[in-house]
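Residue-level structure breakdown
Take a look at the letters that make up each chain.
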Amino acid sequence: MESFFDLFDPSSSSGSNSESDLRNGNEDDSIERNGTLDDPISQLLHRNDDSSSELLLKGIDFNRGFLPPEPQLGNIEYKLKLINPSKQRFEHLVTQMKWRLREGNGEAIYEIGVSDSGHLHGLNDKDMTVSLHTLNQMARKLDASTSILRRKSLPDHRSVVEVLVRKIPDDQHNIEVRVAVLGGADAGKSTLLGVLTQGEFDNGRGLARLNMFRHMHEIQTGRTSCISHETLGFDAEGSVINYKYNEMMTAEEISDRSTKLVTFMDLAGHRRYLKKTVQALSGYCPHHALIVVAAGNISNMTREHLTIIHALDISFSIIVTKIDLAPPEPILFELKNLLTSIGYRKVPYLITNQDDVLNANAHQSVEQVVPIFCVSNVAGTGLDLLIQYLYVLSPGISNAEKERLEQQPIEFQIDEIFRVSEVGTVAGGLLCKGVLTENSQVKVGPLQDGSFFSVTVQTIHRNKAPCRVVRAGQSASLSFNTVELMPSLRSGMVILPDYESNDIACGCFFFQAQVSVLFHATRIFKGFQTTVHIGSIRQTAIIEGIMGAGDTGIGTNQSASVLFRFLRHPEYVRPGMRVLFREGTSKGIGKVTQVFPLKEPTINSTV
């Protein structure tokens, strides 16, 4: 069998590219003795479709001697040099850094020695030292920290440096990234998270995953059946903070000591629990997803998860596990063919060193790059690269968008319900909009008649630690005033401000959505029953009408405006919410366009 370095039958690089590499002094970085590409990543991209080849020419690799032109938006900034700026220029640079930090939700990448066109000019040691000192002064002006991610040497004793600038928002203790972990059963999802968060390798018999399980039947079967949350922290220098940091480490201490916090959601991989997995992806809105695949072959469940992730437009990476048991080459062939197919049109990018980590992170959202890691939870192979990737992974939402959401009325989607002794009912979920504090008067619902009832938020917990406030985009657990009699809560309910008018705080049975059918074996007609996911809502709905379809219905890759009716009880739905529906192998996505609330709801001010 051919080796991975021959995986995609690399062809010789073009003359224009070779000349460009020679001009930039990179002939040793990418040209082999026989004139072919030496880097397996370059081989992978070189055999992709036209869009992938374009990526190669645009310089996705930091080592090729040039970068893409500086983006106007986002958190990446190019600076040729920062030497003795005037006071006015310095203030302008600080303002510019503040804007880049807002775009990156507290994180910005500075390329020093690079022109706006992306050409790596480089600086000598003296100029580079002065430029980095100026950059540090700019960061201190904003109470931000800097850390050098990598340095590239160029001819004539010149170099280019990539710097991470990080500023924790004033109203937050750290920068948080929500990461969903999914894949087929027995792929090693829980084991991987156990190794990352506990800091101990697996023994090959599932010891690491025991810390992730919440129920006895999960321990007995070895299969996750519910959502399990764990955290991995990083300090300002990028050092890992997990339960191995010291002997008495708790989740609260991990959060307190971390400047960046990665919150993992371990999701079920068995088909029996697919509905819970889809509900978590739709309701918790993760910033990123890790698709875990065991070395061997891609299971049907993994393909199902990939389809759902793609439909929900969530960026993702792929982790190939168990490479100590089986060679990864066959699965890499299969992944390359799947990701470059018409349905996905992604660029697979195998991670083999630290440069690859930073390249993939910088270009993932713009150029549809899917990083692929090969790891072993027993031997620890590749885990250091995965940890470095999580350290630089951005939440993907700008501070401006975050502030816009925080200024809106609160909307908390309930995903899980707990009963805690001496506390009472506890609701877990995601705050989609607004800012929620302790002792807030809120409405919870809808009930069976579409009405909401008033309660008081008593305590708030985030990442297993108490807190006083939760902001838009953050997940939390809420307890309520036990003096008030509360009807039974259920997953799919929402919490709204107590001052919302009756026509807004009202449930509905009927809603209309513009949908597109991703796959259906035949055609969908009026009367079709399907499971609908809208945020944390998961309920069977019936299609009561398909506008403009007549008697022909709609099939795969067709779109239409569809009227849905919830089958069991009303839900809180508003225009603009994303809809995902599935029934067996049938799948479709869309957005809510119109809602028909129940008329004259009864608002219970006290219960």
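Residues numbered from 1 in each chain as written. Predicted model: local features only at pLDDT ≥ 70, side-chain atom pairs only at ≥ 80, totals over all residues. Heavy atoms only, no water.

Where an unreviewed UniProt entry is consulted, the protein chain appears under the name Tr-type G domain-containing protein, with the organism given as Anopheles farauti. The Sequence similarities (unreviewed entry) field of the UniProt record for the protein chain holds the comment "Belongs to the TRAFAC class translation factor GTPase superfamily. Classic translation factor GTPase family. EF-Tu/EF-1A subfamily." Word for word, the UniProt comment on the protein chain under Subcellular location (unreviewed entry) is "Cytoplasm". (UniProt positions renumbered as here; feature names shortened; annotations may be inferred.)

Quick notes on the overall build of the protein chain
From N to C terminus, the protein chain includes 15 helices and 27 strands. The buried share of the protein chain, taken over its 607 residues, is 57%. By sequence separation, contacts in the protein chain at least 24 residues apart represent 70% of the contacts at least 6 residues apart. As presented, the protein chain carries roughly 26000 Å² of accessible surface, and 49% of it is formed by carbon and sulfur atoms. (Helix = DSSP H or I, 4+ residues; strand = E, 2+ residues; numbered from the N terminus. Buried < 20%, exposed > 50% of the residue type's maximum accessible area, 1.4 Å probe, protein only. Contact = heavy atoms within 4.5 Å. Areas by Shrake-Rupley, 256 points an atom, 1.4 Å probe, with all protein chains shown as cover.)

Observations concerning the pattern of salt bridges
Applying the stated criterion across every chain, the model contains 16 salt bridges. For E176, the salt bridge is made with R462, and the minimal N-O distance between the two is 2.2 Å. With E176 in strand β5 (residues 175-183) and R462 in strand β17 (residues 453-462), this residue pair connects regions lying 286 residues apart in the sequence. Like E176, the residue R462 is buried in the burial classification. (Salt bridge = Lys/Arg side-chain N within 4 Å of Asp/Glu carboxyl O.)

Some remarks on the packing of helix α7 (residues 189-198) against helix α14 (residues 383-392)
α14 packs onto α7 with a crossing angle of 75° between their chain directions and a minimal axis gap of 12 Å. Compared by their axis directions, α7 and α14 come out roughly perpendicular. Counting all contacts with α7, which are made through L192, V195 and L196, the residues of α14 involved are L383, L386, I387 and L390. In terms of residue class, the contact of α7 with α14 is made up of 7 nonpolar, no polar and no charged. (Axes fitted to C-alpha atoms, helices over the stretch in contact; angles between N-to-C directions. Parallel < 35°, antiparallel > 145°, perpendicular 65-115°, else oblique. Nonpolar A, V, L, I, M, F, W, Y, C, P; charged D, E, K, R; others polar.)

So, the sheet that holds strand β2 (residues 107-112)
Within the open sheet, the 4 strands sit side by side as β1-β2-β4-β3. Their pairing is mixed. Among the strands making up the open sheet, the edge pair consists of β1 (76-79) and β3 (145-154). Mean inter-strand twist for the sheet, computed between neighbouring axes without regard to direction, equals 20°. Here β3 runs beside strand β4 (residues 158-166); their pairing, made up of 9 bridges, is antiparallel. What sits directly across from S147, in β4, is L164. The strands touched by helix α5 (residues 87-103) within the sheet are β1, β2 and β4, with β2 carrying the most contacts at an inclination of about 130°. Packing of helix α6 (residues 125-141) onto the sheet brings it into contact with β2, β3 and β4, and relative to β4 it is tilted by some 10°. (Pairing = 2+ DSSP bridges.)

Regarding the pairing of β5
Across the 9 residues that make up β5, a large majority, 9, are buried. Here β5 shows two buried faces, one formed by I175, V177, V179, V181 and G183 and the other by E176, R178, A180 and L182. Summarising the sheet, β5 and strand β8 (residues 260-266) pair through 7 bridges and their orientation is parallel. Bridge assignment links E176 to a residue of β8, and that residue is L261. In this sheet, strand β9 (residues 288-294) lies alongside β5 in parallel orientation, the contact comprising 5 bridges. Of the residues in β9, the one forming a bridge with A180 is A289.

Details of the nonpolar core
Ranked by size, the top nonpolar core spans 42 residues in total, and within it L192, L196, F264, I319, F373 and L390 carry the most contacts. In this structure, this core is formed jointly by two domains, domain 1 (76-167) and domain 2 (175-396), each of which donates at least three residues. When residues no more than four places from it in sequence are discounted, the contact partners of I319 are L192, L290, I291, V292, V293, F373, V375 and L386. Formed by 38 residues, the second largest nonpolar core is a distinct cluster that contains M265, L267, L306 and L350. (Core = buried A, V, L, I, M, F, W, Y, C linked by side-chain atoms within 4.5 Å. Domains from an automatic or database assignment.)

Focus on the sheet that holds strand β6 (residues 228-234)
If you trace the 8 strands from one edge of the open sheet to the other, you get β7-β6-β8-β5-β9-β10-β12-β11, paired in mixed fashion. A single partner strand is all that each edge strand has here, and the edge strands are β7 (240-241) and β11 (347-350). Against the sheet, α7 makes contact with β5, β6, β8, β9 and β10 (316-321), and its axis sits at roughly 155° relative to β8, the strand it touches most. Helix-sheet contacts for helix α11 (residues 300-311) involve β5, β9 and β10, and the interaxial angle to β9 is about 165°.

Observations regarding the packing of aromatic side chains
Taken as a whole and assessed by the stated rule, the structure comprises 6 aromatic pairs. Aromatic pair F452 and Y572: ring centres 6.3 Å apart, planes at 85°, arrangement edge-to-face. Taken together, the residues span a long stretch of sequence, with F452 in the loop between β16 (441-445) and β17 and Y572 in the loop between β25 (559-566) and β26 (578-583) at a distance of 120 residues. Owing to a relative accessible area of 7%, Y572 belongs among the buried residues under this scheme. Consider the rings of F511 and F566, whose centres lie 5.2 Å apart with planes at 35°: the pair is tilted. Placement of the pair is F511 in strand β22 (residues 508-519) and F566 in strand β25, with a sequence separation of 55 residues. We classify F511 as buried; its relative accessible area is 0%. (Phe/Tyr/Trp six-rings, centres within 6.5 Å; stacked < 30°, edge-to-face > 60°.)

Looking at α5
In a regular helix each residue adds 1.5 Å, so 17 residues correspond to 24 Å; α5 covers 25 Å between its end C-alpha atoms and thus fits that length. For α5, the complete set of buried residues consists of F90, L93, V94, M97, R100 and L101. One side of α5 carries all its buried residues, which in axial view fall inside an arc of 125°. With respect to the buried face of α5, the exposed residues turned more than 90 degrees away are Q88 and T95. Looking at the buried positions of α5, the neighbouring elements they touch are β1, β2, α6 and β4. (Expected span 1.5 Å × (residues − 1). Arc of directions from axis to C-beta.)

Looking at helix α10 (residues 274-284)
Burial runs high along α10: 9 of the 11 residues are buried. Within α10, burial applies to L274, T277, V278, Q279, A280, L281, S282, G283 and Y284. Of the residues flanking the end of α10, it is C285, one or two places downstream, whose phi is positive at about 45°.

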